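# Fold and contact review
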Amino acid sequence: MLPAMLRLRRLHRQLEPHPAPRAPPHPSATAAPPTGGGPVTMTVPLEGDGPGTTRWGHLEVPDPSIMASTLVPICVVAGSAPGRTALLLAGNHGNEYEGQVALRRLAHAVDPAQLQGRLIIVPTISMAASAGWVREWPDGTNFNRVMPGRSDGNEAEQLAHFLSAVLIPASDIVFDLHTGGHNMRIHPSTMLFATAEE
């Protein structure tokens, strides 16, 4: 497991987009403002920058305890032709690095000119847990247990609410990648859940 963690740290350094001038969040990318702590916002529009483009940005998650925001990376790849939207998530548990590495590689490898539809990629949901090589958030929160979240909740609940209220409804299919982390083994498996519309 240590080699995977070291590869992820190296990828974090290599693949992080170079800082660009900060633009205000796109109006379509703002969740309903929570009553305690401010809204979660996106620095990239859900539609991306138009057909055939890849755009990196962040979800800005307010943390009232430090009067700042946690930045969660997000990449929107808008294909050259219209189509369906896939939401790809990893790093729900911080020490599950394989999915985080895979999604960062995918975001940099996919050619939007060859893509029909749109990819929304959140390679590392639980940033502090990933940086600390642990499963849960520093306050002990298991992010997988706070869905669908609350707009007026703590940092994890606000992020979960944004995923549930903004990103998931904007998607036709959602992939949430998990592994066993460094303390358990998981047999390779796929779980599918159909929505009421299907």
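Structure's up top.
Below or above, wherever it landed, is the structure these notes cover. Predicted, not measured: the structure shown is a model, and the values here were computed from it. (Residues numbered from 1 in each chain as written. Predicted model: local features only at pLDDT ≥ 70, side-chain atom pairs only at ≥ 80, totals over all residues. Heavy atoms only, no water.)

## Focus: the overall build of the chain
Just so we agree on the cut-off: Strands here are runs of E lasting at least two residues and helices are runs of H or I lasting at least four, both read from the DSSP assignment and numbered beginning at the N terminus. Residue exposure (1.4 Å probe, protein chains only): buried if accessible area is under 20% of the type maximum, exposed if over 50%, otherwise partly exposed. The criterion used for residue contact is that any of the two residues' heavy atoms lie within 4.5 Å.
Across its full length, the chain carries four helices and six strands. Helices and strands appear in the chain in the N-to-C order α-β-β-β-β-α-β-α-α-β. When the 198 residues of the chain are sorted by exposure, 43% land in the buried category. Restricting the contact set of the chain to residue pairs at least 6 apart, pairs at least 24 apart contribute 64%.

## Focus on the sheet that holds strand β1 (residues 41-42)
This is how the line gets drawn: Strand pairing is defined by DSSP finding a minimum of two bridges between the two strands.
Strand order in the open sheet formed by six strands is β1-β2-β3-β5-β4-β6, with mixed pairing between adjacent strands. Taken across any chain shown, the strands that pair with only one partner, and hence form the sheet edges, are β1 and β6 (173-176). Relative to strand β5 (residues 116-122), strand β3 (residues 68-78) runs antiparallel, the two sharing four bridges. Within the sheet, the bridge partner assigned to A78 lies in β5 and is R118.

## As for helix α2 (residues 97-109)
Formally: A helix is expected to span 1.5 Å for every residue after the first.
With 13 residues, α2 should reach 18 Å at 1.5 Å per residue; the first-to-last C-alpha distance of 18 Å fits that figure. Here α2 has its buried residues at Y97, G99, Q100, V101, L103, R104 and A107.

## As for the environment of I125
Here I125 is to be found in the loop between β5 and α3 (127-131). Each C-alpha atom, one on I125 and one on V72, is 6.3 Å from the other, the two residues being 53 residues apart in sequence. Excluding anything up to four places from it in sequence, I125 contacts V72, L89, A90, G91, N92, W137, F143, L159 and L163.

## Examining the nonpolar core
Quick note on the threshold: In this description, a nonpolar core means a group of buried Ala, Val, Leu, Ile, Met, Phe, Trp, Tyr and Cys residues linked to one another through side-chain atoms lying within 4.5 Å.
Judged by nonpolar contacts, the single largest core of 24 residues is most densely connected at M42, L59, I74, V122, F143, L159 and L167. Elements with a contribution of two residues or more to this core: β2 (53-63), β3, β4 (81-89), β5 and α4 (155-167). When residues in this core are grouped by element, the largest group, seven residues, is from α4. Counting eleven residues, the second largest nonpolar core, distinct from the first, contains A86, L88, L103 and L119.

## Thoughts on the environment of G57
As for its position among the elements, G57 is in strand β2. Residue class for G57 comes out buried when judged on its relative accessible area of 5%. Residues G57 and V76, 19 residues apart in the sequence, show an inter-C-alpha distance of 8.3 Å. In this view, G57 contacts T43, V44, V72, P73 and I74; residues no more than four positions away in its chain are not counted.

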